[in-house]
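Listed here are the chains, written in short residue letters.
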Amino acid sequence: MDAKEYMAGVFDRASGTYEQVGVPFFAPVAEELVRRAAPGPGDHVLDAGCGTGASLVPAAQAVGPTGRVVGLDLAPGMVATTAAAIERHGLSQATVLLGDAERAEELLPGERFDVVLAGMMLYFLPDPSAAVRSMTGLLRPGGRLAASLLARSSPAEAELLGLVEQALRPYASEAGSAPFTHKLGTPEELVGLLEQGGLSGVRWADVVFEVVIEAGQVWDWLWSAARRAALETIPESLHAEARAALEASLPQDRFVLARTVRYATGQA
């Protein structure tokens, strides 16, 4: 199994609880991405790596019934969840497809978009440069690509994840880590990636989001997104024991985590 297939499986299995454990983060981050991309009425938007539709829904509302929004994701569970969100919100202008952002041009032949969204996904890709080139190739002249990445965690989050790793070490290795393929940890790396992909006028900005998590939510929060990759090595028969060990190790009932998200936009 290659890295891409593996991560698609992780997110497929996370799709049922993704952003559903009472710790909102991806939704406000996605809304800010759409605000920065600024799609307008009648625009055509591609949401690459759309997840459960956190960006797709506000983008579809922004373009209105005369626009078009296409979501693309490699995890079947994410696609199914987004399709349900499209139906629930009555967004006839939106659709979602199962597919690879690195092959976006092949999957959408002849399509051109005013805006491409790449929210919280570039660092999971084996070849983010190929993905950016493919997505840029789908932009109309003057079209915009907007990307976001988790750039930095606060000392409070680093401390929490250190406690997680220590408590779960007997059950799983690297339990506090996330399986990023490319860190893209500096603004220069992200800007360079977009410029090499054919974009100009690239601008970036960091925005801090406050995430509040109760001690009793930590286990479910870890399982609801990428960090479940490490926890999946824990035998199911030991889940209750591992959760109890984790919660017993936490020194407080509530954690406030400042998470810095980096946004970048560029023009074709």
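Note that this is a predicted model, so its numbers are computed, not measured.

Attention now moves to the overall build of the chain. Assigned secondary structure in the chain consists of eleven helices and seven strands. For a compact globule of 268 residues, the expected C-alpha radius of gyration is about 18 Å, and the chain comes in at 18 Å, within 12% of that figure. Each principal axis of the C-alpha atoms in the chain carries an extent, and together these give about 55 × 40 × 35 Å. About 11,500 Å² of surface is accessible on the chain, with carbon and sulfur atoms providing 51% of the total. Charge-centre separation for the chain: the mean point of 21 positive side chains lies 5 Å from the mean point of 33 negative side chains.

Here seven strands make up an open sheet; going across it, the order is 3-2-1-4-5-7-6 and the pairing mixed. Of all the strands in the sheet, just strand 3 (94–98) and strand 6 (200–214) have a single pairing partner and so form its edges. Taken pair by pair, the neighbouring strands of this sheet meet at an average axis angle of 20°, ignoring direction. In this structure, strand 5 (residues 139–153) lies alongside strand 7 (residues 254–267), joined through nine bridges in antiparallel fashion. When the sheet's bridge partners are listed, Leu150 is paired in strand 7 with Val261. Contacts between helix 4 (residues 76–89) and the sheet are confined to strand 2 (68–73) and strand 3, with strand 3 contributing the most and set at about 170° to the helix.

The contact between helix 7 (residues 155–168) and helix 11 (residues 239–249) brings their axes to 9 Å, and the two run at 135°. The angle between helix 7 and helix 11 falls in the class oblique. Judged by the sense of rotation from one axis to the other, the crossing of helix 7 with helix 11 is right-handed. Counting all contacts with helix 7, which are made through Leu163, Val164, Ala167 and Leu168, the residues of helix 11 involved are Ala242, Ala245, Leu246 and Ser249. In terms of residue class, the contact of helix 7 with helix 11 is made up of seven nonpolar, one polar and no charged.

Those residues of helix 8 (residues 187–196) not exposed but buried are Pro187, Leu190, Val191, Gly192, Leu193 and Leu194. Against helix 6 (128–136), strand 5, strand 6 and strand 7 lie the buried residues of helix 8. Gly198 sits one or two positions beyond helix 8 and adopts a positive phi of about 105°.

Before going further, it helps to examine helix 4. Between its first and last C-alpha atoms helix 4 spans 20 Å; for 14 residues at 1.5 Å apiece the expected length is 20 Å, and the two agree. Taken residue by residue, helix 4 has Gly77, Met78, Val79, Thr82, Ala85 and Ile86 as its buried positions. Structurally, helix 4 contributes buried residues whose contacts are with helix 1 (3–14), helix 3 (56–63), strand 2 and strand 3. Where helix 4 ends, the next residue or the one after it, Gly90, has phi of about 65°, a positive value.

Before going further, it helps to spend a moment on unusual backbone geometry. The phi dihedral of Glu19 falls on the positive side, at around 60°, and the residue is not glycine. Within the secondary structure, Glu19 is located in the loop between helix 1 and helix 2 (26–37). The phi angle at Met120 is positive, at roughly 55°, despite the residue not being glycine. With a relative accessible area of 12%, Met120 lands in the buried category.

Here the structure, examined in full by the defined rule, presents 15 salt bridges. When the shortest N-O distance is used, the salt bridge between Asp206 and Arg262 registers 2.8 Å. Of the two residues, Asp206 sits in strand 6 while Arg262 sits in strand 7, which places them 56 residues apart along the sequence. Arg262 gets classed as buried once you look at its relative accessible area, which sits at 4%. Beyond isolated ion pairs, a larger network of salt bridges with shared partners links Lys4, Asp100 and Glu102.

Next up on the list: the pairing of strand 2. Judged by how many residues are buried, strand 2 sits mostly within the fold: five of six residues are covered. Taken together, the five bridges between strand 1 (residues 44–48) and strand 2 define a ladder with parallel strand orientation. Bridging across to strand 2, His44 finds its partner in Arg68. Read from strand 1 through helix 3 to strand 2, the crossover connection turns out right-handed. Pairing geometry for strand 2 and strand 3, over five bridges, is parallel. From the neighbouring strand, Val70 faces strand 3, where its bridge partner is Thr95. Between the parallel elements strand 2 and strand 3, the chain passes through helix 4 in a crossover that is right-handed.

Rules used throughout
The residue numbering used here restarts from 1 in each chain and proceeds along that chain's sequence as written. With pLDDT at 70 or above as the cut-off, local features in this predicted model cover only qualifying residues; side-chain atom pairs require 80 or more to be listed or tallied, and sums for whole chains, interfaces and linings still use all residues. Neither water nor hydrogens contribute to the side-chain values; these are computed over all heavy atoms in the structure. A run of H or I in DSSP becomes a helix once it reaches four residues, and a run of E becomes a strand once it reaches two; helices and strands are each numbered from the N terminus. Between the two quantities, the radius of gyration covers C-alpha atoms and the globule rule is 2.2 Å times the number of residues to the power 0.38. All accessible-area figures derive from a Shrake-Rupley calculation using a 1.4 Å probe, and residue coverage is judged against the displayed protein chains alone. Residues scored as charged are limited to Lys and Arg (positive) and Asp and Glu (negative), so that His and the chain ends carry no count. A single reference atom marks each charge: NZ on Lys, CZ on Arg, CG on Asp, CD on Glu. In this scheme, strands are said to pair when DSSP sees at least two bridges between them. Axis definition: a line fitted to C-alpha atoms, limited for helices to the stretch in contact. Angles are taken between N-to-C directions and run from 0 to 180 degrees. By definition, residues are in contact when any of their heavy atoms lie within 4.5 Å. Reported orientations rely on four angle classes, namely roughly parallel under 35 degrees, roughly antiparallel over 145, roughly perpendicular from 65 to 115, and oblique for the rest. With the far helix as reference, a near helix turned anticlockwise by less than a right angle produces a left-handed crossing, and one turned clockwise produces a right-handed crossing. Side-chain classes are defined by residue name, with Ala, Val, Leu, Ile, Met, Phe, Trp, Tyr, Cys and Pro counting as nonpolar, Asp, Glu, Lys and Arg as charged, and the others, Gly among them, as polar. Three labels apply to residues, based on accessible area from a 1.4 Å probe with only protein chains included: buried if under 20% of the type maximum, exposed if over 50%, partly exposed otherwise in between. Helix span, as expected, comes to 1.5 Å for every residue beyond the first. Every case where a carboxyl oxygen of Asp or Glu lies within 4 Å of a side-chain nitrogen of Lys or Arg is listed as a salt bridge. A clockwise path from the first strand over the helix to the second, with the strands pointing away from the viewer, defines a right-handed crossover.

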